[in-house]
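Spelled out, the chains give:
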Amino acid sequence: MAASRVYTTCALLLIGLMLLGQGQGQGQGRMEAAACPLYCLDVDYVTCPSSGAEKLPARCNCCLTPKGCTLHLSDGTQMAC
């Protein structure tokens, strides 16, 4: 009875170690988190290459905008995301 508990415990530990090691590869299967700043810019509208010259609804900052899009600020400046 005690031997089966030892084998079960060892098996669970081995499975846990294998699951933990899955995300440690060279860029594959790796999860990365990106911090999103908690501030809003005064954005009039957004343009993206995929939508052509269409003015899309304003977003707070580049963190909430798809990559490659441009924020058009109310002071006339632009911010590439």
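Keep in mind that this is a model prediction, so the values were computed, not measured.

Definitions and limits used
- Residues numbered from 1 in each chain as written.
- Predicted model: local features only at pLDDT ≥ 70, side-chain atom pairs only at ≥ 80, totals over all residues.
- Heavy atoms only, no water.
- Helix = DSSP H or I, 4+ residues; strand = E, 2+ residues; numbered from the N terminus.
- Buried < 20%, exposed > 50% of the residue type's maximum accessible area, 1.4 Å probe, protein only.
- Contact = heavy atoms within 4.5 Å.
- Disulfide = S-S within 2.5 Å.
- Pairing = 2+ DSSP bridges.
- Axes fitted to C-alpha atoms, helices over the stretch in contact; angles between N-to-C directions.
- Core = buried A, V, L, I, M, F, W, Y, C linked by side-chain atoms within 4.5 Å.
- Polar contact = N/O pair within 3.5 Å; in protein donor to acceptor, adjacent residues only side chain to side chain.

Draft legend 1. Focus on the environment of Met 79. With respect to the helices and strands, the residue Met 79 is situated in strand E3 (residues 78-80). Under the relative-accessibility criterion, Met 79 is labelled partly exposed at 30%. Excluding residues that lie within four positions of it along the chain, Met 79 makes contacts with Leu 41, Cys 62, Cys 69, Thr 70 and Leu 71.

Draft legend 2. Fine view of the state of the cysteines. This structure, assessed with the given rule, holds four disulfides. Put simply, Cys 36 and Cys 63 are joined by a disulfide, and their sulfur atoms are 2.2 Å apart. Note that Cys 36 is positioned in the loop between helix H1 (2-21) and strand E1 (43-47) and Cys 63 in the loop between E1 and strand E2 (70-73), a separation of 27 residues in sequence. What makes Cys 63 partly exposed here is its relative accessible area of 35%. Shown here is the disulfide that connects Cys 40 with Cys 60, its sulfur atoms set 1.4 Å apart. For the disulfide bridge between Cys 40 and Cys 60, the dihedral angle about the S-S bond is near 50°, and by the sign convention the bridge is right-handed.

Draft legend 3. Looking closely at the sheet that holds E3. Pairing in this open sheet of three strands is antiparallel, and the strands run E1-E2-E3 from one edge to the other. Either end of the sheet is taken by a strand with one partner, and the two such strands are E1 and E3. In this sheet, neighbouring strand axes are inclined to one another by 20° on average, regardless of whether the strands run parallel or antiparallel. Sheet topology places E2 next to E3; three bridges connect them, and they run antiparallel.

Draft legend 4. Broad picture of the nonpolar core. In terms of nonpolar packing, the biggest core is built from six residues, these being Val 43, Val 46, Cys 48, Cys 69, Leu 71 and Leu 73. Broken down by secondary-structure element, the contributors of at least two residues to this core are E1 and E2. Discounting residues that sit within four places of it in the chain, Leu 73 has contacts with Leu 41, Asp 42, Val 43 and Asp 44.

Draft legend 5. Up close: the side chain of Asn 61. Residue placement: Asn 61 occurs in the loop between E1 and E2. For Asn 61, the side chain forms a polar contact with the main-chain oxygen of Tyr 39, separated by 2.7 Å. When near neighbours in sequence (up to four residues on either side) are disregarded, Asn 61 contacts Cys 36, Pro 37, Tyr 39 and Leu 71.

Draft legend 6. Seen up close, the environment of Cys 48. With respect to the secondary-structure elements, Cys 48 resides in the loop between E1 and E2. A C-alpha to C-alpha distance of 9.0 Å links Cys 48 and Leu 71, two positions 23 residues apart in sequence. Contact partners of Cys 48, with chain neighbours within four places excluded, come to Leu 56 and Cys 69.

Keep in mind these values describe shape, not function.
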